[in-house]
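So the chains spell out like this:
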Number of protein chains: 2
Amino acid sequence: MSVSLRDVAKAAKVSVGTVSNVLNRPEVVAPETLARVQGTIKDLGFVPNGFARHLRSGNSRTLGLIVPDVANPFFTEVARGVEDAASKRDYAVFLCNSDESATKEDRYINILIEQQVRGVLITPTDVKSDRLDAMRERGIAVTLVDREIKGRKQCSVSVDDIHGGQLGIEYLTGLGHTDIAWVCGPDSIPQVADRGAGVAKAAKFAGATVETIRVSLMNTTQGEEAAKKILALKTIPTAIFCANDLLALGVMRTLRENKLRIPEQVSVLGYDDIEFAASAAVPLSSISQPAYQMGVTAADLLLNECEEAETHEHQQIRFQPQLVERASTGKR
Amino acid sequence: MSVSLRDVAKAAKVSVGTVSNVLNRPEVVAPETLARVQGTIKDLGFVPNGFARHLRSGNSRTLGLIVPDVANPFFTEVARGVEDAASKRDYAVFLCNSDESATKEDRYINILIEQQVRGVLITPTDVKSDRLDAMRERGIAVTLVDREIKGRKQCSVSVDDIHGGQLGIEYLTGLGHTDIAWVCGPDSIPQVADRGAGVAKAAKFAGATVETIRVSLMNTTQGEEAAKKILALKTIPTAIFCANDLLALGVMRTLRENKLRIPEQVSVLGYDDIEFAASAAVPLSSISQPAYQMGVTAADLLLNECEEAETHEHQQIRFQPQLVERASTGKR
DNA sequence: GTGAAAGCGCTAACAG
DNA sequence: CTGTTAGCGCTTTCAC
């Protein structure tokens, strides 16, 4: 069925060792032998068996990337960054989707260990990190994406979520809003908790009232649910700050269905600044994060740790979020 | 570093063979031995090395999925379907992004062969399919997603793209449009070619004029480029049909920036019906494809071929596209 | 029911 | 520079 290194050796009339050398240390084999062996490799269409290869050498050229939601453009942007950086250094990436579930996350971590990935990029679902230690014990490098765990000896690339939350509220209160809804997922999601902390802090400072509307998932459908809850409120807030753009898009959809004018009657502010935010019904103002750049940075950090383990120093890189003003927000 | 099966054997005072049996044929080992060994496996935190495992047995539990663009929500939907179906049967999926480039596609195919994936789901970049044969020769099952190659002995899940193209034009001409722009990527993309063929056919039948605006990539940025080209035309068509929603979103953005009213002055019709189509500035009418369902179906077909190779029969499953009418299209 | 032993395809010493 | 050989960690006969 499959052509093996042994077959190549036989056909080229050399030993398996030489074929192996052609593959891994071409500079050490005689030019003509090299050419001949490379020729037969091509003729036979030989592709080395990665399993066997790395079984022996002990390290693969694959990475794992575990994100909470591939359907969220923010994470696909991150993924693209990771992939580009990895592929530049000839690594392949397993993209895994934890769906914000610790069970699924665990399952994937196991699979990745089985697959003997060299390193893992992960946006952990929650704070419990013994699974991460399990990987590290096995010599798998781990770097955190969009998340930072204090006091851990590992690389991370994150965004200052507390600041992002503040930024949003400061902007909204600056516009004159004092009655604001904060739409978010469960506090077990660290990003949510941090952004929420920033929101609370800034609101207190500005003397604004913040009503928290909590939903289970951070997608458009749940955004619609959140909007219904808001519409059921005694007094409808004049501004709604959403923990991500997907929620905001859902909120806006329902608001518009109910004939509320954005931003005249209600301002809506999102978070992530995904590409679609700009083409939304009312172009969405949002707190922007450098998704692609985060992916690239994280992958570079991880690969550096993989390939130069001795000299590698763990780094915590933190980006700053930025406000992008569009049409969905306005003065009170 | 890593705990091996041998360590477990030693700790549980059994032979490696028995531990292997515990893992693979638990029913064959004595209950108490089973319990004891499972206990030590847990204590030691042993995770079998997938490489070694499948090196011997010859088959892995991983699949590859190669799509032209992960940033396109249509394909992330497909990917979710694939992942859900695969994970239900305990398979992991490598998500690879070919970026519509044959080179990248080749590169990934090689990586997947190296990784000894059991099967591959692919939306091939172009018609040349010798790379697919290379995989099949190695015993890797291949199924085509969103694409059908006639006369090939393989499974495929596709949508009738010719019909989709027709559907769009029929709808638009039914609305009274006779001067239509068809915005699409290069004809080397089979979906584009097929949809284009449907467009041409239906236009001819209805006696409508179709101006083809071709761009290099099918994303929003290129949609904006396309719109600029359209605006430069002598007479601006009354309807624009885009080969995917990303293009349509870009087109609409630029149109609106130029103060053209949709649908009063120009109707815009997309293709794919991605989730964001509904929340666009003007909710986008679109030709809908059952993305998630396609992913599930394709993965099931593939896994069936992997696991029941003898009884497996290749199937060509073709879904029908459907028109979803929203606000971006109107009577001429 | 369990153990011993032979590989799976490859890499990495080490001889020659 | 090339060949030989001993494993990597596991599965899989085949005896016991």
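Preceding this section is the structure that the text describes.
Every value quoted in this text rests on a predicted model; they were computed, and no experiment measured them.

Undergrad: A description of the relation of the copies chain A and chain B should follow, citing residues and the corresponding values.
TA: The two copies are related by a screw motion: chain A maps onto chain B through a turn of 180° and a shift of 0.0 Å along the axis, at an RMSD of 0.1 Å. Such a combination of turn and shift is consistent with a two-fold rotation axis. Every residue of chain A has its C-alpha some distance from the rotation axis, and the shortest such distance is that of Ala281 of chain A, at 1.5 Å. The share of interface residues of chain A whose copies in chain B are also at the interface is 100%, consistent with both copies meeting through the same surface.

Undergrad: Can you lay out the protein's contact with DNA strand C for me, pointing to particular residues and giving the numbers?
TA: The environment of DNA strand C is made up of 22 residues, and the closest members are Leu5 and Arg53 of chain A together with Thr18, Thr33 and Arg56 of chain B. Restricting the count to atoms of DNA strand C within 4 Å of the protein gives a sugar and phosphate share of 72%. Within the side chain of Thr18 of chain B, a nitrogen or oxygen atom sits 2.7 Å from a phosphate oxygen of DNA strand C. Counting residues per element, the ones that place at least two in the surface near DNA strand C are helix H2 (16-24) and helix H4 (50-57) of chain A together with helix H4 (50-57) of chain B. At five residues, the largest contribution of residues to the surface near DNA strand C is made by H4 of chain A. Grouping the constituent residues of the surface near DNA strand C by class yields ten nonpolar, nine polar and three charged.

Undergrad: Let's hear about the packing of helix H8 (residues 161-174) of chain B against helix H9 (residues 190-206) of chain B: which residues, and what values?
TA: Residue and element names in this part refer to chain B. At a minimum axis separation of 7 Å, H8 and H9 run at an interaxial angle of 40°. When the axes of H8 and H9 are compared, the pair comes out oblique. Classified by chirality, the crossing of H9 by H8 is right-handed. Together, Asp161, Ile162, Gly165, Gln166, Ile169, Glu170 and Thr173 of H8 and Gln191, Asp194, Arg195, Gly198, Val199, Lys201, Ala202, Ala203 and Ala206 of H9 make up the contact between the two elements. Considered class by class, the residues forming the contact of H8 with H9 number six nonpolar, five polar and five charged.

Undergrad: Could you give me a rundown of helix H7 (residues 130-137) of chain A, with the residues and numbers involved?
TA: Residue and element names in this part refer to chain A. Looking only at H7, the buried set comprises Leu132, Ala134 and Met135. Considered in projection along H7, the buried side chains sweep an arc of 155° and stay on one side of the axis. At its buried positions, H7 is contacted by helix H6 (102-114), strand E3 (119-122) and strand E4 (141-145). A positive backbone phi angle near 80° is found at Gly139, which sits one or two residues after H7.

Undergrad: Could you give me a rundown of the interface of chain A and chain B, with the residues and numbers involved?
TA: Contacts between the two partners involve 56 residues from chain A, matched on the other side by 56 residues from chain B. In total, about 4,900 Å² of surface goes out of reach between chain A and chain B, with carbon and sulfur atoms giving 52% of it. Three residues, Phe51, Arg138 and Phe276 of chain A, lead the burial of chain A against chain B; their summed loss comes to 15% of the area buried on that side. Here Arg80 of chain A ties to Asp69 of chain B by a salt bridge, and the two come within 3.2 Å at their closest N and O atoms. On inspection of chain A and its partner chain B, the count reaches 20 residue pairs in polar contact (both at pLDDT 80 or more). Those elements that provide at least two residues to the side of chain A that touches chain B are H4, helix H5 (73-88), strand E2 (92-97), H6 and helix H11 (245-257) of chain A. Looking at which element gives the most residues to the side of chain A that touches chain B, the answer is H6 of chain A, with seven residues.

Undergrad: Which residues make up the protein's contact with DNA strand D, and what values do they have?
TA: Surrounding DNA strand D, one finds 23 residues, the nearest of these being Ser15, Thr33 and Arg56 of chain A together with Leu5 and Arg53 of chain B. Among atoms of DNA strand D positioned within 4 Å of the protein, sugar and phosphate together represent 68%. Within the backbone of Ala30 of chain A, an N or O atom sits 2.9 Å from a phosphate oxygen of DNA strand D. At a separation of 2.7 Å, a phosphate oxygen of DNA strand D approaches a polar side-chain atom of Arg53 of chain B.

Undergrad: A description of the pattern of salt bridges should follow, citing residues and the corresponding values.
TA: Side chains that differ in charge, positive against negative, can pair when their charged atoms come close. Scanning the model with the defined rule gives 36 salt bridges over all chains in all. For Asp84 of chain A, the salt bridge identified is with Lys104 of chain B, shortest N-O distance 4.0 Å. Note that Asp84 of chain A is positioned in helix H5 and Lys104 of chain B in helix H6 (residues 102-114), a pairing that runs across two chains. Judged by its relative accessible area of 22%, Asp84 of chain A is partly exposed. Overall, Lys104 of chain B belongs to the buried group, its relative accessible area being 18%. Linking Asp300 of chain B and Arg89 of chain B is a salt bridge whose minimum nitrogen-to-oxygen distance equals 3.7 Å. Placement of Asp300 of chain B in helix H13 (residues 291-307) and of Arg89 of chain B in the loop between helix H5 (73-88) and strand E2 (92-97) is noted, with a sequence separation of 211 residues between them.

Calculation notes
- Residues numbered from 1 in each chain as written.
- Chains lettered and ligands numbered in written order.
- Predicted model: local features only at pLDDT ≥ 70, side-chain atom pairs only at ≥ 80, totals over all residues.
- Heavy atoms only, no water.
- Least-squares fit on C-alpha atoms with pLDDT ≥ 70 in both.
- Contact = heavy atoms within 4.5 Å.
- Near = heavy atom within 4 Å.
- Polar contact = N/O pair within 3.5 Å; in protein donor to acceptor, adjacent residues only side chain to side chain.
- Helix = DSSP H or I, 4+ residues; strand = E, 2+ residues; numbered from the N terminus.
- Nonpolar A, V, L, I, M, F, W, Y, C, P; charged D, E, K, R; others polar.
- Axes fitted to C-alpha atoms, helices over the stretch in contact; angles between N-to-C directions.
- Parallel < 35°, antiparallel > 145°, perpendicular 65-115°, else oblique.
- Left-handed = near helix turned anticlockwise from the far one by under 90°.
- Buried < 20%, exposed > 50% of the residue type's maximum accessible area, 1.4 Å probe, protein only.
- Arc of directions from axis to C-beta.
- Buried area = accessible area lost by both parts, 1.4 Å probe.
- Salt bridge = Lys/Arg side-chain N within 4 Å of Asp/Glu carboxyl O.

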